[in-house]
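# Reading the structure
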Amino acid sequence: MEERWSTEHVLSLAPDAASRKAAGKLSSPAPWSGTGTDGAALWGECRGSGRTPYRTVIELATPAYQCSCPSRKFPCKHALGLLLLWSGAPEAVPTGEAADWAAEWLRARRERAEKRAAPPADPEAARRRAERRGARVAAGAAELRLRLADRIRHGLADQSTAGPWEEVAARMVDAQAPGLATRVRELDTLPEERLLEEYAMLHLLATAATRIDELPPELAATVRARVGYTLDAAEVLTGPTVRDRWLVLGSRDTADERLTTRRVWLRGAKTGRPALLLAFGRPGQAPDLALPTGHLLEAELAYHPGARPLRAALGTRYGAPEPGPAAPPAGLTVAEAVAGYGTAVADDPWLDSWPTVLAGVVPVRAPDGWHLTDGHHTVPVRASAVPEAALWRLVAVSTGRPLTVFGEYGHQGFAPVTAWSAEHRPVGLSSS
């Protein structure tokens, strides 16, 4: 029998609270007709205010959605309602062959995926494009090194010749190095006491970008990723994969005017390897990927190449997420976490943070900010990454007792994402 998603899992896909509320009203069989599933997809027609019902189809693996309603939210309330109906009342969504209109959308989607996965039609042309981009990136990185040296030569305190970095960032975009452009833009927002540190790291990255062909393969892959080269998930999945039962440690959404980014952190139950999955959505659209914290997912992951592999692409899944172990995940002392981050930075000098589980720590609010302490050592909390209300929630979960906390530890402190209560129930800390 196929695994049905939990209500929590379905609602985590919703783009906002209004969509969750509206979906609840469509989670009963009454407004639906022609519903069905073949184990890989759901479909159904939902009665609305008009004469023609809205046709909704959902491909479960990604997941992906299609609905004939005019909503700009994604997934819409009809897709969420159909998922809730399937989850809570399986008998209302019988197994069968897809309706013609649903089958057509599913077929077209498969064809598009196959076309994206196909090798380039002209490998020689692809090689020439790669060479041209490499030359542009190297030229842009060389220019950036000169700009940074010029600022240092005049002194950080001398602003008479220092204009905004936006012009330099635009030059990096022209050089097809968006990663460099992003880091350059951030220079205008940094406090003066951090400028020299960032100048040095950016100069190191620009120097490496001009000598990529001379670097060891793993470090070269790290530099390419930092500079802004990207790999499609399909391309990553053509390489080696790691099959494991992956514990979902936590997730966090960040948004700007162009994009919502969802980060989901995993840890292999057998391998112990950490992994980071990324998913993206347009404004008003929740990212497709939704894995409940504390659950286990048996699946294959393929890691993006690098000196310290972390980001991964999700490949074949072997079933739906299942409730994880009753106990919280094994964690580190504060001293062990600091040493672990140091080891990671030795592999990737530009690594801002590393996923870390701290065991037996208590949250403390001091005059200089929030801290986590294990009684022997203390680590500052990077409060800018976590809403104040979430930090007070951490205190409420702790009630003065030691906790297990997952988050990202780096040179700016620890950013908590998930805490495990005394009842071993995971509590998300990444939202207010």
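Since this is a predicted model, take the numbers as computed values, not measurements. (Residues numbered from 1 in each chain as written. Predicted model: local features only at pLDDT ≥ 70, side-chain atom pairs only at ≥ 80, totals over all residues. Heavy atoms only, no water.)

### Quick notes on the overall build of the protein chain
Cut-off, in case you're wondering: Put simply, DSSP marks the helices as runs of H or I at least four residues long and the strands as runs of E at least two long, and each gets a number from the N terminus on. When we talk radius of gyration, it's over C-alpha atoms, and the globule rule is simply 2.2 Å times the number of residues to the 0.38. Exposure categories follow from relative accessible area, calculated using a 1.4 Å probe and restricted to protein chains: below 20% of the type maximum is buried, above 50% is exposed, and the middle band is partly exposed.
Counting its regular elements, the protein chain contains 12 helices and 16 strands. For the protein chain, whose C-alpha radius of gyration is 24 Å, the value lies close to the compact-globule estimate of 22 Å for 432 residues. With respect to the principal axes defined by its C-alpha atoms, the protein chain has extents near 70 × 60 × 40 Å. Burial statistics for the protein chain: of 432 residues in total, 42% are counted as buried.

### Concerning the environment of Arg47
Applied cut-off: Contacts between residues were defined by any pair of non-hydrogen atoms, one from each residue, lying within 4.5 Å. In protein, a polar contact requires one atom able to donate a hydrogen and another able to accept it; more generally it is a pair of N or O atoms within 3.5 Å, and residues adjacent in sequence count only if both atoms are side-chain atoms.
With respect to the secondary-structure elements, Arg47 resides in the loop between strand S2 (41-46) and strand S3 (54-59). A residue is classified by how much of its surface remains accessible, and Arg47, at 55% relative accessible area, is exposed. Sequence-wise, Arg47 and Ala99 are 52 residues apart; in three dimensions their C-alpha atoms are separated by 17 Å. Apart from residues no more than four positions distant in its own chain, Arg47 is found in contact with Ala30, Pro31 and Pro53. Within the structure, Arg47 has its side chain in polar contact with the backbone oxygen of Ala30 (distance 3.4 Å).

### So, the side chain of Thr207
Following the sequence through the fold, Thr207 ends up in helix H8 (residues 192-209). A residue is classified by how much of its surface remains accessible, and Thr207, at 18% relative accessible area, is buried. For Thr207, the side chain forms a polar contact with the side chain of Arg145, separated by 3.3 Å.

### Section: the packing of aromatic side chains
Here is the rule: Only Phe, Tyr and Trp rings are paired, with Trp represented by its six-membered ring, and only when their centres lie within 6.5 Å; those with planes under 30 degrees apart are stacked, over 60 edge-to-face, the remainder tilted. Note on criteria: charge over ring means Lys NZ or Arg CZ within 6 Å of the ring centre, with the direction from the centre no more than 35 degrees off the ring normal.
Applying the stated rule across the entire model yields four aromatic pairs. Look at Tyr341 and Tyr409: their rings are 5.6 Å apart centre to centre, the planes differ by 85°, and that puts the pair in the edge-to-face class. One end of the pair, Tyr341, is in helix H11 (residues 334-347); the other, Tyr409, is in strand S14 (residues 403-410), with 68 residues separating them in the sequence. Each member of the pair, Tyr341 together with Tyr409, is buried. Between Arg133 and the ring centre of Tyr229, over which it is positioned, the NZ or CZ distance is 4.1 Å. A cation sits over an aromatic face here: Arg151 above Trp165, 4.1 Å from the ring centre.

### Some thoughts on the sheet that holds S2
Basically, it comes down to this: Two strands pair under a simple rule: DSSP has to find at least two bridges between them. Every angle, taken between N-to-C directions, lies between 0 and 180 degrees, and every axis is a line fitted to C-alpha atoms, over only the stretch in contact when it is a helix.
Spatial ordering of the open sheet is given by S1-S2-S3-S4, a layout of four strands whose pairing is antiparallel. The open sheet has two edge strands, strand S1 (32-37) and strand S4 (64-67), and neither has a second partner. Averaged over all neighbouring strand pairs, the angle between strand axes comes to 10°, with direction disregarded. Across six bridges, the pairing between S2 and S3 is antiparallel. In the sheet register, Trp43 faces S3, and the bridge partner there is Val57.

### Description of the sheet that holds strand S13 (residues 378-380)
Spatially, S13-S12-S11-S14-S15-S16 is the arrangement adopted by the six strands of the open sheet, whose pairing is antiparallel. Two strands bound the open sheet, and with one partner strand each, they are S13 and strand S16 (426-428). Taking each pair of neighbouring strands and ignoring which way they run, the sheet shows an average axis angle of 50°. Two strands pair when backbone bridges link them, and strand S12 (residues 369-373) and S13 are joined in this way by three bridges, in the antiparallel orientation.

### Digging into the side chain of Asp374
Heads up, the rule is: Under the convention used here, Asp and Glu are negative, Lys and Arg are positive, and both His and the chain ends fall outside the count. Salt bridge, as applied in this entry: a Lys or Arg side-chain nitrogen positioned within 4 Å of an Asp or Glu carboxyl oxygen.
Within the element layout of this structure, Asp374 appears in the loop between S12 and S13. Among buried Asp, Glu, Lys and Arg side chains, Asp374 stands out as unpaired, with Arg267 the closest opposite charge at 15 Å. Polar contacts involving the side chain of Asp374 include one to the main-chain amide nitrogen of Val334, which spans 3.1 Å. A distance of 2.9 Å separates the side chain of Asp374 from the backbone nitrogen of His376, its partner in a polar contact. Ignoring anything within four residues of it in the chain, the contact list for Asp374 reads Thr333, Val334, Gly360 and Val361.

### Side note on unusual backbone geometry
Negative phi is the rule for most residues except glycine; trans is the rule for most peptide bonds. With phi around 60°, Gln176 is a residue other than glycine that occupies positive phi space. Along the polypeptide, Gln176 turns up in the loop between helix H6 (166-174) and helix H7 (178-186).

### Regarding the pattern of salt bridges
The final tally for this structure, using the stated rule, is 21 salt bridges. For Glu59, the salt bridge goes to Arg109, with nearest N and O atoms at 3.2 Å. With Glu59 in strand S3 and Arg109 in helix H4 (residues 100-117), this pair connects stretches of sequence that are 50 residues apart. Residue Glu59 is classed as buried on the basis of its relative accessible area of 14%. The residue Glu198 makes a salt bridge to Arg183 at a minimum N-O spacing of 3.0 Å. Note that Glu198 is positioned in helix H8 and Arg183 in helix H7, a separation of 15 residues in sequence. Comparing Glu198 with Arg183, the two get one shared label, buried.

### Looking at the packing of helix H5 (residues 123-154) against H6
For any two helices packed against each other, one specifies the inter-axial angle together with the distance between the axes. Where we set the bar: For classification, angles of less than 35 degrees are called roughly parallel, those exceeding 145 degrees roughly antiparallel, those between 65 and 115 degrees roughly perpendicular, and all remaining angles oblique. By the definition used in this description, the sense in which the near helix is turned from the far one sets the handedness, with an anticlockwise turn below a right angle giving left-handed and a clockwise turn giving right-handed. We call Asp, Glu, Lys and Arg charged. Ala, Val, Leu, Ile, Met, Phe, Trp, Tyr, Cys and Pro are nonpolar, and the rest, Gly among them, are polar.
Relative to each other, H5 and H6 sit at 160°, their axes nearing to 8 Å. Comparing the axis directions of H5 and H6 gives the class roughly antiparallel. Along this stretch, H5 crosses H6, giving a crossing that reads as left-handed. Here H5 contributes Arg136, Gly140, Glu143, Leu144 and Arg147 to the contact with H6, which in turn contributes Glu167, Val168, Arg171, Met172 and Asp174. When grouped by side-chain class, the residues that make up the contact of H5 with H6 number three nonpolar, one polar and six charged.

### Quick look at the packing of helix H2 (residues 17-24) against helix H3 (residues 77-88)
Closest axis-to-axis distance for the H2/H3 pair is 8 Å, and the angle between their directions is 55°. In terms of their interaxial angle, H2 and H3 are classed as oblique. The interaxial crossing formed by H2 with H3 has right-handed handedness. In contact with Ser19, Ala22, Ala23 and Gly24 of H2, H3 contributes Lys77, Leu80, Gly81 and Leu84.

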